[in-house]
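The chain contents come next:
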Amino acid sequence: MHLEPQPFYRSLRARAPGLVERIRDAIEDAEKKYASKSDGPAGFLWEHTVLVTVQSFRLARAEKADPDRAALVALFHDAGKFSAGRYHAGREPEEERAARLARELLQKAALPKRDVAAVVGALRALYRTGARRNRLADIVHDADFLTKFGFVGIANFFIKSTLRGRNLESAVLDYLSKELTYAEALPRNMRTRSARRMASRKSADTIGFYRAYIAELEAVHGIDVRMRTATGAR
């Protein structure tokens, strides 16, 4: 994914030239090691990371938070998914592995200690659900979910379905109910005011698309699928 026009990239490059590229290399190298031991292709994690970082940078500005710190948390938020060529290896939370990598790379980039501590603390807060709320973690949490819905989110749903060997019919019958449930609940899952406004639109776009998609599948393939809101779901 091309980074040059992205405001977060220009801002971080001015503060620490080469840092974003080093983060990208670490993420892509870990995914390639995993892909070489599995049947899955590499390259999707960085694309998702950029989408979340772009959204985090925008949300931080809207929420009057530090956009550079939010972007750094987003850049590392999935960096611990692959470890030693494995996916979700061991019992250690992936965010803890991401926090260690973040500390290593940010210290090498000579970022101020307060920035390093803020980013590492936010990464750890992403999995410590019982801990005190962390503003940066809330922003990245919201950005991560927002990228999974709307039209880009829909495209990614079908890409993942294809990579996992599902055709259109099986994707709908086996997994669409879960996607629609998350889409309907998206605004209530947001932790920031700015994200809640965005989530309402993304939720409506997602549900609207799938309504039309299901209607076409019914007409073409004769699949009888109905969308209903379960009693007590709201």
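Scroll up a little and you will see the structure.
The rules behind each value
Residues numbered from 1 in each chain as written. Predicted model: local features only at pLDDT ≥ 70, side-chain atom pairs only at ≥ 80, totals over all residues. Heavy atoms only, no water. Phe/Tyr/Trp six-rings, centres within 6.5 Å; stacked < 30°, edge-to-face > 60°. Helix = DSSP H or I, 4+ residues; strand = E, 2+ residues; numbered from the N terminus. Buried < 20%, exposed > 50% of the residue type's maximum accessible area, 1.4 Å probe, protein only. Contact = heavy atoms within 4.5 Å. Polar contact = N/O pair within 3.5 Å; in protein donor to acceptor, adjacent residues only side chain to side chain. Patch = residues over 30% accessible without salt bridge, like charges linked within 9 Å, V, L, I, M, F, W, Y side chains within 5 Å. Areas by Shrake-Rupley, 256 points an atom, 1.4 Å probe, with all protein chains shown as cover. Salt bridge = Lys/Arg side-chain N within 4 Å of Asp/Glu carboxyl O.

Caption draft 1: View of the packing of aromatic side chains. Scanning the entire structure with this criterion turns up seven aromatic pairs. With a centroid separation of 5.1 Å and an interplanar angle of 70°, the aromatic rings of Phe-157 and Phe-158 are classed as edge-to-face. Ring plane angle 85° and centroid distance 6.1 Å describe the contact between Phe-157 and Tyr-210, whose orientation is recorded as edge-to-face. In this pair, Phe-157 sits in helix α8 (residues 150–163) while Tyr-210 sits in helix α10 (residues 193–221), placing the two residues 53 residues apart along the sequence. Grouping residues by exposure puts Phe-157 and Tyr-210 together as buried.

Caption draft 2: Examining the environment of Asp-78 more closely. Note that Asp-78 resides in the loop between α4 (67–76) and β1 (82–83). We classify Asp-78 as buried; its relative accessible area is 7%. The spatial distance from the C-alpha of Asp-78 to the C-alpha of Glu-94 is 7.5 Å, given a sequence separation of 16 residues. Here Asp-78 is in contact with Leu-45, His-48 and Glu-94, once residues within four sequence places are set aside. Separated by 3.2 Å, the side chains of Asp-78 and His-77 make a polar contact.

Caption draft 3: Layout of a nonpolar patch on the surface. Nonpolar side chains collect at one region of the surface, where Phe-44, Ile-159 and Leu-163 lie side by side and expose about 240 Å² of accessible area between them. Take Phe-44: it is sitting in helix α3 (residues 44–62). Exposure remark for Phe-44: the relative accessible area of 34% places this residue in the partly exposed category.

Caption draft 4: Representation of the pattern of salt bridges within the structure. Under the counting rule described, the total for this entry stands at 14 salt bridges. Arg-69 is paired through a salt bridge with Asp-115; the nearest N and O atoms lie 2.7 Å apart. Of this pair, Arg-69 sits in helix α4 while Asp-115 sits in helix α6 (residues 113–125); the two residues are 46 residues apart in sequence, bridging distant segments of the chain. Accessibility expressed as a relative area gives 5% for Asp-115, which makes it buried. For Asp-78, the salt bridge is made with Lys-81, and the minimal N-O distance between the two is 3.7 Å.

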